[in-house]
Amino acid sequence: METAVDESIRKHVRVYVTVFIALMALTLITVTLSTLHLATPVAIVVALCIAGIKASLVAAYFMHLISEKKVIVAALTLTVVLFLVLMVLPVSHFADRGL
Amino acid sequence: MEIPYTVEPRPDTGLYNAKLGIWLFLASEVMLFGALFSSYVLLRVGATTWPHGYEHLNIPLATVNTVVLITSSVTMVMSWASLAMKNIRRYRLYMGATIALACVFLVIKGFEYAAKFEHGLYPSASTFMAIYFTLTGLHGLHIVGGVIVNSYLLGPGSRMWKTDPARFTNRVEVAGLYWHFVDLVWIFLFPVLYLL
Amino acid sequence: MSEAAPGAHGVVHTDQHAPQGFWRTYVFSQDHKTIGIQYAITALLFLLFGFTLMMIMRWQLAYPGQAIPFIGKLFGDSRAPEGIMLPEFYNQLGAMHGTIMVFLGVVPLAVGAFGNYVMPLQIGAPDMAFPKLNMMSYWIYFVGGVTMLSSFLMPGGAAASGWTSYAPLSVIATVGQTVWLFGMICLITSSLLGSVNFITTIFQLRAKGLSFMRLPFFVWAQLVTSFLLLLAFPPLEAAGVLQLMDRLAGTSFFMPSGLVVSGQALANTGGGNPLLWQHLFWFLAHPEVYVLILPAMGIVAEIIANNTRKPLWGYRSMVYATIFLGFMSFVVWAHHMFLTGMGTVISSFFQATTMIISIPSIIILTALFLSLWGGSIRFTTPMLFALAFLPMFGIGGLTGLPLGLAPADIHLHDTYYVIGHFHYVVAPGTLFALFAGLYYWFPKVTGRKMNDTLGKIHFWLSFAFINGVFMPMFIQGLAGVSRRLYDGGAMYSHAQGVMHLNVFMSVCAWCLGLAQIPFIVNFFWSIRKGKKVSDNYWDATTLDWAATTSPPMAHGNFSPLPEVYRGPYEYSVPGNGRDFLPQNTQAEVH
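Source: prediction; values computed, not measured. (Residues numbered from 1 in each chain as written. Chains lettered and ligands numbered in written order. Predicted model: local features only at pLDDT ≥ 70, side-chain atom pairs only at ≥ 80, totals over all residues. Heavy atoms only, no water.)

Trainee: How should the overall build of chain C be read in this particular structure?
Mentor: Each helix and strand counted, chain C has 15 helices and 4 strands in total. In terms of C-alpha radius of gyration, chain C reaches 25 Å, essentially the compact-globule figure of 25 Å for 590 residues. When each of the 590 residues of chain C is scored for burial, the buried share is 62%. For chain C, long-range pairs separated by at least 24 residues make up 77% of all intrachain contacts whose partners lie at least 6 apart in sequence. Accessible surface, chain C: about 21600 Å² in total, of which carbon and sulfur atoms supply 70%. With 26 positive and 22 negative side-chain charges, chain C shows a separation of 7 Å between the mean positions of the two kinds. (Helix = DSSP H or I, 4+ residues; strand = E, 2+ residues; numbered from the N terminus. Rg over C-alpha atoms; globule rule 2.2 N^0.38 Å. Buried < 20%, exposed > 50% of the residue type's maximum accessible area, 1.4 Å probe, protein only. Contact = heavy atoms within 4.5 Å. Areas by Shrake-Rupley, 256 points an atom, 1.4 Å probe, with all protein chains shown as cover. Lys, Arg positive; Asp, Glu negative; His and termini not counted. Charge placed at Lys NZ, Arg CZ, Asp CG, Glu CD.)

Trainee: Would you mind showing me how to read the overall build of chain B here?
Mentor: Of the regular secondary structure elements, chain B holds 7 helices and 0 strands. Its helices and strands in sequence order give chain B the pattern α-α-α-α-α-α-α, from N to C terminus. Its C-alpha atoms put chain B at 60 × 35 × 25 Å along the principal axes. Residue pairs at least 24 apart in sequence account for 75% of intrachain contacts in chain B once pairs closer than 6 positions are excluded.

Trainee: Just to check I follow, could you spell out the nonpolar core for this structure?
Mentor: A general trend in soluble globular proteins is that nonpolar side chains are found buried together. In this structure, B:Y194 and C:F217 are the most contacted members of the largest nonpolar core, which totals 298 residues. A domain-level breakdown of this core finds at least three residues from each of domain 1 (2–67) and domain 2 (69–99) of chain A. What B:Y194 contacts, discounting residues up to four positions off in sequence, is B:G53, B:Y54, B:L57, B:N58, B:I59, B:A62, B:K109, B:E112, B:Y132, B:W186 and B:L189. (Core = buried A, V, L, I, M, F, W, Y, C linked by side-chain atoms within 4.5 Å. Domains from an automatic or database assignment.)

Trainee: What exactly am I supposed to notice about the pattern of salt bridges here?
Mentor: Where charged atoms of side chains with opposite charge meet at close range, the side chains can pair. Under the criterion given, the structure shown has 11 salt bridges over all chains. For B:K19, the salt bridge goes to A:E68, with nearest N and O atoms at 3.2 Å. In this pair, B:K19 sits in helix α1 (residues 17–46) while A:E68 sits in the loop between α2 (40–62) and α3 (70–94), so the two residues belong to two different chains. There is no split in this pair, since B:K19 and A:E68 are both buried. In this structure, the salt-bridge partner of C:R206 is B:D12, at a minimum N-O distance of 3.6 Å. Residue C:R206 is located in the loop between α5 (176–204) and α6 (217–248), and its partner B:D12 is located in the segment before α1; the two belong to separate chains. (Salt bridge = Lys/Arg side-chain N within 4 Å of Asp/Glu carboxyl O.)

Trainee: Which parts of the structure should I look at to understand the environment of B:I22?
Mentor: Residues and elements named next belong to chain B. Counting through the fold element by element, I22 comes out in helix α1. What makes I22 buried here is its relative accessible area of 13%. Separated by 127 residues in sequence, I22 and V149 place their C-alpha atoms 13 Å apart. If near-sequence neighbours (up to four positions away) are discounted, I22 is found in contact with V174, L177 and Y178.

Trainee: Would you mind showing me how to read the packing of helix α3 (residues 87–122) of chain C against helix α4 (residues 131–150) of chain C here?
Mentor: Axis angle and axis distance: for two packed helices, these are the angle between their axes and the distance between the axes, and together they describe the pair. Residue and element names in this part refer to chain C. Viewed as axis vectors pointing N to C, α3 and α4 meet at an angle of 165 degrees, and their least axial separation amounts to 12 Å. Between α3 and α4, the angle falls in the class roughly antiparallel. By crossing handedness, the relation of α3 to α4 is classed as left-handed. For the pair α3 and α4, contact is made by M96, T99, I100, F103, L104, P108 and N116 and by N134, Y141, G145, M148 and L149, respectively. When its residues are assigned to classes, the contact of α3 with α4 shows 8 nonpolar, 4 polar and no charged. (Axes fitted to C-alpha atoms, helices over the stretch in contact; angles between N-to-C directions. Parallel < 35°, antiparallel > 145°, perpendicular 65-115°, else oblique. Left-handed = near helix turned anticlockwise from the far one by under 90°. Nonpolar A, V, L, I, M, F, W, Y, C, P; charged D, E, K, R; others polar.)

Trainee: I'm lost on the interface of chain C and chain B in this one. Help?
Mentor: By a widely used convention, the size of an interface equals the accessible area lost when the partners come together. Of the residues lining the interface, 44 residues belong to chain C; the matching set on chain B comes to 33 residues. When the buried area of chain C at its contact with chain B is split by residue, C:Q204, C:F253 and C:L276 rank highest and sum to 19% of it. If you look at where chain C meets chain B, you find 1 salt bridge. For the pair chain C and chain B, the interface holds 5 residue pairs in polar contact (both at pLDDT 80 or more). When contributions to the side of chain C that touches chain B are tallied by element, the ones reaching two or more residues are α5, α6 and α7 (274–308) of chain C. A per-element tally of the side of chain C that touches chain B places α6(C) first, with 10 residues. (Buried area = accessible area lost by both parts, 1.4 Å probe. Polar contact = N/O pair within 3.5 Å; in protein donor to acceptor, adjacent residues only side chain to side chain.)

Trainee: Would you mind going over the interface of chain A and chain B with me for this structure?
Mentor: At the junction of the two partners, chain A supplies 45 residues and chain B supplies 50 residues. Taken together, both faces of the contact between chain A and chain B bury some 4000 Å²; the carbon and sulfur share is 84%. Seen at the junction of chain A and chain B, the total is 3 residue pairs in polar contact (both at pLDDT 80 or more). For the side of chain A that touches chain B, the elements supplying multiple residues, two or more each, are α1 (2–34), α2 and α3 of chain A.

Trainee: Please clarify how the environment of C:A321 should be interpreted in this entry.
Mentor: Note that C:A321 resides in helix α8 (residues 315–328). Once residues within four sequence positions are removed from consideration, C:A321 is found in contact with C:P360, C:I363 and C:I364.

Trainee: Would you explain the state of the cysteines in this entry?
Mentor: Between two cysteines, a covalent bond joining their sulfur atoms is known as a disulfide. Summed over the entire model, instances satisfying the criterion amount to 0 disulfides over all chains. With no disulfide of its own, C:C508 lies closest to C:C511 among cysteine sulfurs, the gap being 6.4 Å. (Disulfide = S-S within 2.5 Å.)

Trainee: I would appreciate a short explanation of the packing of aromatic side chains in the present structure.
Mentor: In this description, an aromatic ring pair is defined by two values, namely the gap between the centres and the angle between the planes. Residue and element names in this part refer to chain C. Tallying each qualifying case throughout the model produces 71 aromatic pairs over all chains. Ring geometry for Y138 against F142: centres 6.1 Å apart, planes inclined by 35 degrees, an arrangement best described as tilted. Here Y138 pairs with F142, and both are found in helix α4, just 4 residues apart, close to one helical turn. A residue is classified by how much of its surface remains accessible, and Y138, at 5% relative accessible area, is buried. Residue classification places F142 among the partly exposed positions, given a relative accessible area of 31%. Considering the side-chain rings of Y315 and Y569, the 6.2 Å spacing of their centres and the 65 degrees angle between planes classify their relative orientation as edge-to-face. Of this pair, Y315 sits in helix α8 while Y569 sits in the segment after β4 (531–532), placing them 254 residues apart in sequence. A residue is classified by how much of its surface remains accessible, and Y315, at 11% relative accessible area, is buried. (Phe/Tyr/Trp six-rings, centres within 6.5 Å; stacked < 30°, edge-to-face > 60°.)

Trainee: Please clarify how unusual backbone geometry should be interpreted in this entry.
Mentor: A negative phi holds for most residues other than glycine; trans holds for most peptide bonds. Residue and element names in this part refer to chain C. In the segment running from A167 into P168, the intervening peptide bond is cis, with an omega of 0 degrees. Summarising the element assignment, P168 is placed in the loop between α4 and α5. Cis geometry marks the peptide bond from S559 to P560, where omega comes out at -5 degrees. Mapping P560 onto the fold places it in the segment after β4. Within the chain, S165 stands out as a residue other than glycine whose phi angle is a positive 50 degrees.

Written out as structure tokens, the structure reads:
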């Protein structure tokens, strides 16, 4: 029993190291890309996509969200939906305002 | 009467109390930073001109800070894994490293702020500087909060390992969830403020 | 401590129910019932204070420019020289009345007090999931409240930019506004900690057998309310931080470029957006409306089921309506902003969501009305208040529909019609429900019931006068009288036809104040002298009535923890010896 737990934790640790390497690589990529001074809309999409991937890795593996219970997943889904509403807020402000 | 499910999970939800609690707290944090990001977008879209982050801010320092914070997230999760493997000495090592890295982050941040102040760039200088100081300042306060909690868990709080190891491991896990969230916020702040 | 001292040599208190000192038992208590009582007392005092502010304002509205009798001189020259109220002081009273009633009075009473005391009992829990956090919530609320009150003593007085604190007015206001912001941040933090605690408790500490569809409706209302507080309050906290930065660090988040105040150009850099504050404020403040109303609906549902001796009609529909209502409340905020230059496409969208959100409210209200059908109603004091809630909330809700439609809102926006509308929702609506709850759960808390004669006097007088205060507001509003006017509109020719109503409304407001005296007398008299009653005085089915009356002031409401075998409202089930089956009765009683 004891060794089975230890073995699963060791597997976790290997995943952590892999994710750490991936995060470092993505940081390097996003910083390198920023030196190219891409057109602003392109730069925004690329940078936010990379940030999104990094954040997903942290949430999924460091925060164990990938194997989390459904109560938490449900609460977070609701939060994400309302977060998106917040992100739409500026759109609702500028759209159709005749500016 | 003891409050149930402080250590063992409740069968139907599969969670112990503090884990649900911290996730709910993080959900509210998502909405807090979400509102600030939303304000940033609204102000930036409405502005006639908006500087690129790299014109005003120090990208190399911020990149180092990104590496520091991500590394601290790894050491944090390793400290939990050490406890799960019943290794308190390794836990102390990793937790100590987490706190040290957090302090490094704050010191670097302090240098960044000082450099801005030297050039007369206060929050009142422009909307860009205003949002930069507000977002990084609030994030910095979250780091300070994390350092306090983690220091407690490294120092006096770790006595619980002797009396109630399962509960102590849970506490470290909960503190870790908060710490990863602070890291996660920075992962967005870094490109949004510095790179775009 | 003194009891434990004599002859205590070598006696080790291993028992966790060991008597605690006065401070731990009554002040820094971690017991949900004590904290609930603390919330109730504090919130009731704030309600009284907030109401007093309004009674002072009503003098100025009824008799503009005349010295306030008796107490006028007490306010000092900076507020009311010679007892005549200054416009600045009027604005402070208005802003603080709104803030205190909403954030320090109604929400702490509905959620902090009733939620804390009743909810854990109703789900059969020994306490809240995080007792220390619960204590912190109360004390942070307390600090926030004291901070708010202290703003009256600041140079320039309290916050005076309305309870909405619209920028840029609020940014250039005197230091009282800064204190208001610190107070708000405390209150928001307290609410956030509280809601984390409530949700965790409801998910984790439900008694065995108490599935979600067996939860009393009150618990459902508290659950959805907690989610609203958890997810809608942070944006206002963010807005508060930004406004603090504007005021203290000289930033311009809410300050547009080229702002000129009193002929002077402001020094700030500009580039901000005043409407950003409105977006963030209403992102909270619309869900806040449901934070105000849902616990009230929960209380009314409990009392109606109990006093009609019938199951609630359409319990499931009510639950689903509540969840839907909670969700929809996040996508209607801009209906408060139709007049900010919004185009027709976006205003149509928010108009549509606003009409949609009225549907679940109507479902809940209809279900409560239908629950009365065919019941043998007991007209107890709590039931009278609960019954009055239904038409009063109905008036409040229906008068809201024209405000949700952009074309009608252009005329009605910022008039007394709006004031009438939301006061009908919150005052004769929510507050009546809260009074109902106080009368209903008083026997559980104290072991004694409140006097019915005084209760009925309190009810009928309050009911008459509160309508006298708010009904004329619709007439004034439809005539185009704006809110927040120092003289109540006397300077405008279009208002002349309806000005005479001001005296009537003010007299009603003061009489409403007098009508609370029977309640206050009753409350204190009944604590000591009220008729002693049994644990389950109302013959109710939910678990709160299975706990012993006035449960012990330390963790542990039940011993052992109850088990649940049935739904929450099994009243008048045929074939039983009595007309109610408590949730924890296993076998049917014959």
